[in-house]
Amino acid sequence: MTTTHTAPQVLIVGGGIGGIGAALMLGRRGIRVHLLEREPAFAEGGFGLQLGPNITRMLRDEGVLEDIAPNAVFPRRLVFRNAVSGEELNHLDCEDMERRYGSRYLVMHRGDLLEGLVRAALATGNVTLENDRKVVRVEDRADGVAAITEDGSRYEAQIVLGADGMHSRMRRLFVDDALQPTGFVAYRGTIPIDAVDPDLDLESVTVWMGPGLHLVQYPLRDAKEFNQVAVFESPAHARGELDWGKPEELLERFSSETGLHPSVVRAPRELGMARGWPMVDRDPLDTYVQGRVALLGDAAHATLQYLAQGAGQSLLDGASLAAHLAPLADSETWTPAQVQAALGAYDEERVAAASRVQTASRAWGEMWHVRSAGAVMVRDHAWRSHDRFDYDIVDWLYGPVRTEGIVAAADGSATSPGSAAAPSAEATPVVRPRDLHPTPVTTRK
Ligand SMILES: Cc1cc2nc3c(=O)[nH]c(=O)nc-3n(C[C@H](O)[C@H](O)[C@H](O)COP(=O)(O)OP(=O)(O)OC[C@H]3O[C@@H](n4cnc5c(N)ncnc54)[C@H](O)[C@@H]3O)c2cc1C
């Protein structure tokens with residue numbers, strides 16, 4: 001049976017962090033949104049997520065940070081260690097970063113974030129959410145657009161946003177590309193903080209970098225839980241086997257025979273083994289917009305997790321869309337020219353930025369995972385000798401940089417005096433960061 005539903009202004013396909021985040025941002029601007037999610041409930045995996053200052057600044061400026069991140073943890077440092085020797089190679093001080101970028105680095109539970117986003121989206125009064133609705137087709141016309149679900153229901157709107165994730169069906173309207181496999185797989189899980197290896201830093205995000213593997217650890221939920229992610233390159237994948245990245249490989253790659261530091265050997269044994277996540281991404285697109293359809297989140301720019309930015313970038317997509325569509329909130333019908341102007345501005349703002357995160361994430365993974373003794377020596381030397389208050393390597397990502405209140409200390413030991421209480425970035429001037437990262441590669445359409 002075909003049912004035609006009353007038209008919202010914006011229809012969103014996919015209720016992950018990206019889709020619900022966009023619904024929230026649009027709803028706050030007075031835009032009527034309906035969201036279709038194929039699963040019977042909105043759910044995220046039971047593990048952690050990092051949000052950098054570029055993301056938390058936007059969430060704070062939107063006025064939603066407190067609502068959606070009630071029991072987030074603000075880590076003290078981002079620490080980088082050699083997974084074999086255990087040596088701390090360097091760290092970033094999160095309070096200093098806050099002064100530089102005007103907002104906090106935070107870590108939180110994915111489920112808590114999604115729940116907070118759903119709650120805040122519904123509270124706008126402009127958002128409706130529907131589960132068990134798998135979109136199979138989109139019809140884009142000059143005067144509107146329709147999404148058709150598996151059961152034949154038809155949903156009309158002024159625009160459709162494809163937030164249907166890494167395996168996006170909506171993306172196929174743009175390009176018929178394949179996921180880019182890396183041969184790496186991730187296992188993740190949380191344990192009660194009381195059960196954690198007593199030698200570990202419980203107040204920081206720690207990355208242990210090893211040959212063809214790494215481990216990330218940080219506290220969650222008011223520091224009552226501890227999140228761990230173990231990632232390794234699968235030997236079975238390298239041999240061309242179809243069944244690869246299994247728990248036996250995880251335990252083998254992180255065994256004491258490998259010479260890894262004891263804390264690195266211990267962690268994977270505390271993870272859930274029910275499933276591993278193959279590490280894949282996609283090549284950047286040169287547009288996220290086609291007619292009345294736009295992509296966002298992983299559907300637009302699936303990204304390896306080495307800069308911990310995928311979900312954050314999807315939230316930036318939502319904020320950008322909301323800002324550019326806000327002037328249309330009071331109109332029932334949006335002309336093709338209005339749609340083109342708003343979505344064109346979104347494209348302009350987001351494609352280059354998100355593509356750059358995609359390509360830079362690949363480079364960070366390569367650097368973490370070097371294997372040969374020479375490459376490890378060079379990497380470790382570079383990390384050790386890097387001035388920890390020199391932010392060139394992340395300014396492009398976490399910036400713009402606040403110039404007010406940033407003063408070089410006489411002994412060079414600190415760069416920014418003053419209180420760590422959330423400063424306002426609004427009225428402060430911006431300096432252009434020096435640019436250490438290559439511009440993104442743009443690939444096929
Ligand atoms: C190991 C690992 C660690 C990570 N760590 C971080 C981190 O620290 N920080 C960070 O910012 N990011 C991180 N990420 C990335 C982040 O998880 C993703 O970028 C983010 O969750 C993508 O959100 P999304 O809403 O775009 O897609 P998804 O979460 O995949 O949501 C898509 C939704 O669409 C629904 N859907 C699909 N098809 C249809 C259809 N046809 N009709 C209706 N609904 C449909 C799906 O059911 C799903 O609910 C990490 C990723 C991994 C793998």
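Quick caveat: nothing in here was measured; it's all calculated off a predicted structure. (Residues numbered from 1 in each chain as written. Predicted model: local features only at pLDDT ≥ 70, side-chain atom pairs only at ≥ 80, totals over all residues.)

**Overview of the overall build of the protein**
And then number 1: The helix and strand inventory of the protein stands at 13 helices and 21 strands.
And then number 2: A fraction of 75% describes how many contacts in the protein between residues 6 or more apart in sequence connect residues 24 or more apart. (Helix = DSSP H or I, 4+ residues; strand = E, 2+ residues; numbered from the N terminus. Contact = placed C-beta atoms within 7 Å.)

**Brief notes about the pairing of strand E9 (residues 135–141)**
And then number 1: Looking at chain direction, E9 and strand E10 (residues 144–149) are connected through 6 bridges and run antiparallel. Looking at E10, one finds that Asp140 is bridged to Val145.
And then number 2: Between E9 and E10, which pair antiparallel in sequence order, lie 2 residues. (Pairing = 2+ DSSP bridges.)

**Side note on the nonpolar core**
And then number 1: In this structure, Leu161 and Ala294 are the most contacted members of the largest nonpolar core, which totals 117 residues.
And then number 2: If one sorts the elements of this core by residue count, helix H11 (residues 336–368) sits on top with 9 residues.
And then number 3: Setting aside residues no more than four positions away along its own chain, Ala294 makes contact with Ile159, Leu161, Tyr288, Val289, Leu321, Leu343 and Tyr346. (Core = buried A, V, L, I, M, F, W, Y, C linked by C-beta atoms within 7 Å. Buried ≥ 20, exposed ≤ 12 C-beta atoms within 10 Å, placed from the backbone.)

**Some words on helix H1 (residues 17–28)**
And then number 1: An ideal rise of 1.5 Å per residue puts 16 Å on 12 residues; H1 measures up with 16 Å between its terminal C-alpha atoms.
And then number 2: Considered for burial, the residues of H1 that qualify are Ile17, Gly18, Gly19, Ile20, Gly21, Ala22, Ala23, Leu24, Met25, Leu26, Gly27 and Arg28.
And then number 3: Trailing H1 by a residue or two, Gly30 shows a phi angle of about 85°, which is positive. (Expected span 1.5 Å × (residues − 1).)

**Regarding the site of the ligand**
And then number 1: Around the ligand lies a shell of 33 residues, among which Gly14, Gly16, Gly165, Gly297 and Gly310 are the nearest.
And then number 2: Of all the secondary structure elements, the ones that give two or more residues to the shell around the ligand are H1, strand E4 (48–51), strand E13 (180–192) and helix H10 (310–325).
And then number 3: Here the element with the most residues in the shell around the ligand is H10; it accounts for 4 residues.
And then number 4: Residues of the shell around the ligand, tallied by class, amount to 12 nonpolar, 13 polar and 8 charged. (Near = placed C-beta within 6 Å. Nonpolar A, V, L, I, M, F, W, Y, C, P; charged D, E, K, R; others polar.)

**Thoughts on the sheet that holds strand E2 (residues 10–13)**
And then number 1: Ordered in space as E8-E3-E2-E12-E19-E18, the 6 strands form an open sheet in which the pairing is mixed. Taken across any chain shown, the strands that pair with only one partner, and hence form the sheet edges, are strand E8 (127–130) and strand E18 (289–290).
And then number 2: For E2 and strand E12 (residues 159–162), the ladder comprises 4 bridges, and the chain directions are parallel. Residue Val13 lies in a different strand from E12, and its bridge partner there is Gly162.

**Comments concerning the packing of H1 against helix H5 (residues 110–123)**
And then number 1: Orientation of H1 relative to H5, taken along the N-to-C sense of each, is 30°, at an axis distance of 9 Å. Regarding the angle of H1 to H5, the classification is roughly parallel. Considering only the axes of H1 and H5, their crossing is left-handed. For the pair formed by H1 and H5, the contact residues are Ile17, Ile20, Gly21, Ala23, Leu24 and Gly27 on the first element and Leu113, Leu114, Leu117, Val118, Ala120 and Ala121 on the second.
And then number 2: Tallied by class, residues from the contact of H1 with H5 come to 10 nonpolar, 2 polar and no charged. (Axes fitted to C-alpha atoms, helices over the stretch in contact; angles between N-to-C directions. Parallel < 35°, antiparallel > 145°, perpendicular 65-115°, else oblique. Left-handed = near helix turned anticlockwise from the far one by under 90°.)

**A look at the confidence of the model for the protein**
And then number 1: Residues at a pLDDT of 70 or more form 89% of the protein, whose mean pLDDT is 89.
And then number 2: Across residues 406–445, confidence stays below pLDDT 50; counting only partners more than four residues off in sequence or on other chains, it has 67 contacts. (pLDDT = per-residue confidence, 0-100.)

**Regarding the environment of Ala373**
And then number 1: Relative to the assigned elements, Ala373 resides in helix H12 (residues 373–385).
And then number 2: A tally of 9 C-beta atoms within 10 Å means that Ala373 is categorised as exposed.
And then number 3: Distance from Ala373 to Pro211, taken between C-alpha atoms, is 9.5 Å for residues 162 residues apart in sequence.

**Description of the sheet that holds strand E15 (residues 213–220)**
And then number 1: An order of E6-E5-E14-E15-E16-E13-E17 is seen for the 7 strands of this open sheet, with the pairing classed as mixed. Edge positions in the sheet fall to strand E6 (88–93) and strand E17 (277–281), since each has one partner strand and no second. Geometrically, the sheet is characterised by an average inter-axis angle of 20° between neighbouring strands, direction not taken into account.
And then number 2: Sheet analysis places E13 next to strand E16 (residues 225–233), joined by 9 bridges and oriented antiparallel. Along E16, the bridge assignment pairs Gly189 with Gln228.
And then number 3: Along the sheet face, H12 touches strand E5 (77–82) and E6 and points at about 40° away from the line of E6.

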